[in-house]
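# Tertiary structure, described
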Amino acid sequence: MERDEIIKQVLGKDAHIVNQIMGGMMNESFIVENRRKEYILYMPTVHANEMVNRYLEKDNQRIVYNLGLTSKNVYFDPDKGIKINEFIKGQPLDKMDKEDINLDYVAGVMKYLHNSSIKCQADYCPFRRLESYEKEANSYIKKRSAEYLKYRQLLMDNKEYLESQELCLCHNDAQKSNIIKEDKTNKYYIIDFEFMGNNDPIYDIATYGNGDVAEGRELLTAYFGGLETEDEIRRYYLWRLFVSLQWHNVALIKHYRGEGRATKFNFLDVADYFMKNAQEAYKHLVA
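Residues numbered from 1 in each chain as written. Predicted model: local features only at pLDDT ≥ 70, side-chain atom pairs only at ≥ 80, totals over all residues. Heavy atoms only, no water.

### Quick look at helix 9 (residues 213–223)
Most of helix 9 is tucked away: 8 of the 11 residues are buried. Of all the positions in helix 9, only Val213, Glu215, Gly216, Arg217, Leu219, Leu220, Ala222 and Tyr223 are classed as buried. Here the buried face of helix 9 lies against helix 4 (103–114), helix 8 (201–207), helix 10 (230–256) and helix 12 (267–286). At the N-terminal end of helix 9, a side-chain oxygen is found 2.9 Å from the backbone nitrogen of Ala214, two or three residues along, and the residue is Asp212. Directly beyond the C-terminal end of helix 9, a positive phi value near 60° is found at Gly225. (Buried < 20%, exposed > 50% of the residue type's maximum accessible area, 1.4 Å probe, protein only. Helix = DSSP H or I, 4+ residues; strand = E, 2+ residues; numbered from the N terminus. Contact = heavy atoms within 4.5 Å. Polar contact = N/O pair within 3.5 Å; in protein donor to acceptor, adjacent residues only side chain to side chain.)

### Things to note about unusual backbone geometry
Backbone geometry places Ser117, a non-glycine residue, at a positive phi of 70°. Within the element layout of this structure, Ser117 appears in the loop between helix 4 and helix 5 (126–141). Its relative accessible area of 70% is what places Ser117 among the exposed residues. The phi dihedral of Lys142 falls on the positive side, at around 65°, and the residue is not glycine. When you line up the elements, Lys142 lands in the loop between helix 5 and helix 6 (146–157).

### So, the sheet that holds strand 6 (residues 90–92)
Taken in spatial order, the 3 strands of this open sheet run 6-8-9, and their pairing is antiparallel. Pairing within the sheet leaves two strands with one partner each, and these edge strands are strand 6 and strand 9 (188–190). Across the sheet, the mean angle from the axis of one strand to that of its neighbour is 30°, orientation sign disregarded. As paired elements, strand 8 (residues 179–182) and strand 9 share 3 bridges and run antiparallel to each other. The residue of strand 9 that forms the bridge with Ile179 is Ile190. Against the sheet, helix 4 touches strand 8 and strand 9, its axis set at about 50° to strand 9. (Pairing = 2+ DSSP bridges. Axes fitted to C-alpha atoms, helices over the stretch in contact; angles between N-to-C directions.)

### Regarding helix 1 (residues 2–11)
Of all the residues in helix 1, the buried ones are Ile6, Ile7 and Leu11. On an axial view of helix 1, the arc spanned by its buried residues comes to 95°, and they lie on one face. Facing away from the buried side of helix 1 by more than 90 degrees, the exposed set consists of Glu5 and Gln9. Against the buried residues of helix 1 lie strand 1 (16–21), strand 2 (27–34), strand 3 (37–44), strand 4 (73–77) and strand 5 (82–86). One or two residues past the end of helix 1 sits Gly12, with phi positive at roughly 125°. (Arc of directions from axis to C-beta.)

### A few points about the pairing of strand 4
The two faces of a sheet get side chains in turn, since along a regular strand they alternate between them. Taken together, the 4 bridges between strand 4 and strand 5 define a ladder with antiparallel strand orientation. The residue of strand 5 that forms the bridge with Tyr75 is Ile84. Connecting strand 4 to the next strand, strand 5, in antiparallel fashion are 4 residues, including Gly81 with a positive phi near 75°.

### Details of the packing of helix 9 against helix 10
At a closest axis distance of 11 Å, the pairing of helix 9 and helix 10 adopts a crossing angle of 145°. For the pair helix 9 and helix 10, the sense of crossing is right-handed. Contacts between helix 9 and helix 10 involve Val213, Gly216, Arg217 and Leu220 from the former and Glu232, Ile233, Tyr236, Tyr237 and Arg240 from the latter. Its residues assigned to classes, the contact of helix 9 with helix 10 shows 5 nonpolar, 1 polar and 3 charged. (Left-handed = near helix turned anticlockwise from the far one by under 90°. Nonpolar A, V, L, I, M, F, W, Y, C, P; charged D, E, K, R; others polar.)

### Some details on the sheet that holds strand 4
Spatially, 5 strands are ordered 1-2-3-5-4 in an open sheet, and the strand pairing comes out antiparallel. A single partner strand is all that each edge strand has here, and the edge strands are strand 1 and strand 4. Strand-to-strand twist of the sheet, defined as the mean angle between neighbouring strand axes without regard to direction, takes the value 20°. Docked against the sheet, helix 3 (residues 54–66) engages strand 2, strand 3, strand 4 and strand 5, running at close to 165° with respect to strand 4.

### Side note on the pattern of salt bridges
Scanning the entire structure with this criterion turns up 21 salt bridges. With its nearest N and O atoms 3.6 Å apart, the salt bridge here joins Lys13 to Asp14. Notably, a salt bridge pairs Asp200 with Arg235, separated by 2.7 Å at the nearest N-O pair. Of the two residues, Asp200 is situated in the loop between strand 10 (197–199) and helix 8 and Arg235 in helix 10; the sequence distance between them amounts to 35 residues. Of the two residues, Asp200 and Arg235, both sit in the buried class. (Salt bridge = Lys/Arg side-chain N within 4 Å of Asp/Glu carboxyl O.)

Here it is, written out as structure tokens:
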């Protein structure tokens with residue numbers, strides 16, 4: 001198999017896959033061991049390279065590594081979207097109890113990234129991205145629900161306002177599964193840079209609310225030391241609504257492309273989940 005040939009070529013003839021890490025919409029991930037050292041191999045899911053610019057991802061990985069916020073990359077094929085990083089031995093935050101997560105540390109990582117004064121080669125361009133995803137999703141579903149259109153209209157009403165914010169280096173997918181607490185040092189690292197680009201820093205905080213809108217709101221408080229303004233709170237919920245609609249569309253696309261059949265993963269359930277997440281964010285905006 002290609003993946004076995006790659007790991008032996010890059011890491012040595014004794015390299016072998018230990019197990020697969022489940023989850024992830026853009027990659028299949030495998031823990032690889034070679035002479036008692038562990039690595040993580042990322043293989044792109046079907047069609048993932050159509051949604052991700054791997055050349056930009058490779059450069060963004062380098063930026064974040066130089067900032068000391070992620071592990072070393074040892075192999076990256078941007079044409080195929082295959083990469084190998086040194087493995088961070090620890091726990092992703094989505095596998096930890098909430099009370100064991102230090103939000104001040106998470107906020108510190110984000111602020112260090114945002115305040116680095118470094119810029120990516122490209123902006124994230126969220127609305128252009130959403131419209132691209134919608135275009136493909138619309139080719140499958142034809143008609144949107146009244147609920148979706150209501151949420152979308154609120155975002156479009158605030159499009160100029162959201163796009164007027166100052167941009168900085170952002171991860172753009174800082175959900176809990178992409179933040180790792182290392183076992184030995186308790187240091188927090190970030191991984192997976194497929195969507196990294198210059199953006200409003202509050203967008204990053206909003207992505208932390210993928211699993212729970214309230215958790216992202218708590219991170220906003222930690223980020224601003226309890227001094228967040230009404231404007232910043234509103235931006236959080238607007239971006240949270242945006243992120244929910246974005247991933248709702250990606251999940252629909254993956255379902256109708258048939259990607260769930262190979263992995264036995266129900267992307268319609270994911271799409272429904274993000275609509276519920278959008279509903280929660282919307283409630284705060286119209287309260």
